[in-house]
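Structure assessment
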Amino acid sequence: MKKQTKKFQLDGVFVLLLTAVFAACLLLVLLTGAGGYRRLTQRDQAAYNRRTAVQYLATKVRQADKLGGVELRNFGGEPALCLTDTVEGAVYETYLYEYDGYLREVFAAADAGLVPEDGEKILESDGLTLSLTDDLLQIETADASLTLSLRSGGSYEK
Amino acid sequence: MRSKAPLVLMEQLLMVLVFALAAALCLRTFVFSEQMSRQSESQDRAVTTCQTVAETLKHCQGDYAAAAVLTGGTWDGHTLGVSSGEKTPGDYVVFATPADTGDALLGGAEITAFTADGQWLFGLSVAWQEVEHDA
């Protein structure tokens, strides 16, 4: 009788053990999947932030690329890309710059006297640097860089 | 009274087998999705680098040696090569090779990006107007 009881106990323990192993494996698969999905979404979000900022600036520059239309200026102490356009005889300027952790844009008349705080937030941005050398505009953020050749500028001498 | 433990045990084993099969498929999918995500990230960076190379070649009007200096790449007389940069070293390489546009006044190049193991990532064509300079 004791032997039979012991056998029942051993069988039961083995079944419970197997159930525990199954539960542990299930948890492991769930955690692996969740971790993989988290990494995937983080990577995709970082790629979106990286790509969108430089491509937005590139598109704005290409739209405004005409003689004297693209300049680098100091806007309220911040380095900014200044895109100039003339509408019905009036000169308007679009400033693209980084301020307070955001890529910002402000469009106003040339003598509007705006300040960096007035700009509309476009994207979160960190470490935006702009340089314009010999009609080659270099846009750099913390994670990406893009070079644009201004068609409207001077010619390149070989 | 016969013990039902062996029957339960068999059911449990069958359940674990089915779960193991499903888990193997899921893990395979997770690994594949991770690879695709990394490739997508490399492709995203490669597109930006290809654009930079294209714009630099346009600016230099086909002067590959000067473009190599500006992009930090190398020019061996046939192909301009630009690596993926300091932030993602060895991730991909961009190659720019001169292309015949069939027009003497139109210069062109084919720009392609490959991963470290030779897989094609992205490609684009670029052309620029050749300006004749007085001697």
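Here goes a summary of the coordinates provided. Computed from a prediction, not measured in an experiment: that's the story for all the values here.

1. Let's talk about the interface of chain A and chain B
Every contact between the two is made by 38 residues of chain A and, on the other side, 36 residues of chain B. At the boundary of chain A with chain B, total buried surface from both sides reaches about 3400 Å², with 57% on carbon and sulfur atoms. At the boundary of chain A with chain B, the tally comes to eight salt bridges. When the shortest N-O distance is used, the salt bridge between Arg50 of chain A and Asp44 of chain B registers 3.7 Å. Taken together, the links from chain A to chain B amount to 12 residue pairs in polar contact (both at pLDDT 80 or more). Looking at which element gives the most residues to the side of chain A that touches chain B, the answer is helix H1 (residues 2-64) of chain A, with 22 residues. Looking at the side of chain A that touches chain B residue by residue, the classes come out as 16 nonpolar, nine polar and 13 charged.

2. Topic: the pairing of strand S3 (residues 90-99) of chain A
Residue and element names in this part refer to chain A. The sheet contact formed by strand S2 (residues 78-87) and S3 spans eight bridges and is antiparallel. Along S3, the bridge assignment pairs Cys82 with Tyr95. In the sheet, S3 pairs with strand S4 (residues 102-109) via eight bridges, with the strands oriented antiparallel. Within S4, the position partnered with Glu98 by the bridge is Leu103. Here S3 hands over to S4 after two residues, with Asp100 in that stretch at a positive phi of 60°.

3. Observations concerning the side chain of Asp65 of chain A
All names here are of chain A. One can find Asp65 in the loop between H1 and strand S1 (70-75). No salt bridge is formed by the buried Asp65; the nearest opposite charge belongs to Arg151, separated by 4.6 Å. Polar contacts involving the side chain of Asp65 include one to the main-chain amide nitrogen of Arg151, which spans 2.8 Å. Residues in contact with Asp65, not counting those within four places in the same chain, are Val70, Ser149, Leu150, Arg151 and Ser152.

4. Comments concerning the packing of helix H1 (residues 5-60) of chain B against helix H2 (residues 64-71) of chain B
All names here are of chain B. Between H1 and H2, the least distance of the axes is 9 Å, while the angle of their chain directions is 135°. When the interaxial angle is binned, H1 and H2 end up oblique. Considering how the two elements wind past one another, H1 and H2 form a crossing that is right-handed. Between H1 and H2, the residues in contact are Val53, Thr56, Leu57, His59 and Cys60 and Tyr64, Ala66, Ala67, Leu70 and Thr71, respectively. Of the residues that constitute the contact of H1 with H2, the class distribution is seven nonpolar, three polar and no charged.

5. Observations concerning unusual backbone geometry
Even without being glycine, Asp135 of chain A reaches a positive phi, approximately 65°. One non-glycine residue, Gln61 of chain B, lies in the positive phi region at around 50°. If you trace the backbone, Gln61 of chain B turns up in the loop between H1 and H2.

6. Describing the pairing of S2 of chain A
Residues and elements named next belong to chain A. By the bridge criterion, six bridges tie S1 to S2 in an arrangement that is antiparallel. When the bridges of S2 are listed, Phe75 appears paired with Glu78. The antiparallel pairing of S2 with S3 creates a hairpin that spans two residues between the two strands, and Glu88 there sits at a positive phi of about 50°.

7. Some remarks on the sheet that holds strand S7 (residues 136-140) of chain A
Neighbouring strands of a sheet are bound in pairs by backbone hydrogen bonds; such pairs are parallel or else antiparallel. Strand order in the open sheet formed by three strands is S6-S7-S8 (chain A), with antiparallel pairing between adjacent strands. Looking along the sheet, the strands with just one partner apiece sit at the ends: strand S6 (129-133) and strand S8 (145-149) of chain A. On average, each strand axis in the sheet is tilted by 15° relative to the strand beside it, whichever way the strands run. Relative to S7 of chain A, S6 of chain A is paired through five bridges, and the arrangement is antiparallel. By the bridge assignment, Leu130 of chain A is partnered in S7 of chain A with Ile139 of chain A. Relative to the sheet, H1 of chain B contacts S7 and S8 of chain A, its axis offset from that of S8 of chain A by approximately 25°.

8. Digging into the environment of Ala108 of chain A
Residue and element names in this part refer to chain A. Its location among the elements puts Ala108 in strand S4. Using a relative accessible area of 15% as the deciding quantity, one classes Ala108 as buried. Each C-alpha atom, one on Ala108 and one on Val91, is 8.9 Å from the other, the two residues being 17 residues apart in sequence. Excluding its chain neighbours within four sequence positions, the residues that come into contact with Ala108 are Tyr92, Glu93 and Leu114.

9. Let's talk about a nonpolar patch on the surface
Residues and elements named next belong to chain B. Together, Leu14, Leu17 and Val18 line one region of the surface with nonpolar side chains, adding up to about 330 Å² of accessible area. Inspection of the secondary structure puts Val18 in helix H1. In this structure Val18 comes out as exposed when scored by relative accessible area, which is 54%.

Scoring rules and cut-offs
- Residues numbered from 1 in each chain as written.
- Chains lettered and ligands numbered in written order.
- Predicted model: local features only at pLDDT ≥ 70, side-chain atom pairs only at ≥ 80, totals over all residues.
- Heavy atoms only, no water.
- Contact = heavy atoms within 4.5 Å.
- Buried area = accessible area lost by both parts, 1.4 Å probe.
- Salt bridge = Lys/Arg side-chain N within 4 Å of Asp/Glu carboxyl O.
- Polar contact = N/O pair within 3.5 Å; in protein donor to acceptor, adjacent residues only side chain to side chain.
- Helix = DSSP H or I, 4+ residues; strand = E, 2+ residues; numbered from the N terminus.
- Nonpolar A, V, L, I, M, F, W, Y, C, P; charged D, E, K, R; others polar.
- Pairing = 2+ DSSP bridges.
- Buried < 20%, exposed > 50% of the residue type's maximum accessible area, 1.4 Å probe, protein only.
- Lys, Arg positive; Asp, Glu negative; His and termini not counted.
- Axes fitted to C-alpha atoms, helices over the stretch in contact; angles between N-to-C directions.
- Parallel < 35°, antiparallel > 145°, perpendicular 65-115°, else oblique.
- Left-handed = near helix turned anticlockwise from the far one by under 90°.
- Patch = residues over 30% accessible without salt bridge, like charges linked within 9 Å, V, L, I, M, F, W, Y side chains within 5 Å.
- Areas by Shrake-Rupley, 256 points an atom, 1.4 Å probe, with all protein chains shown as cover.

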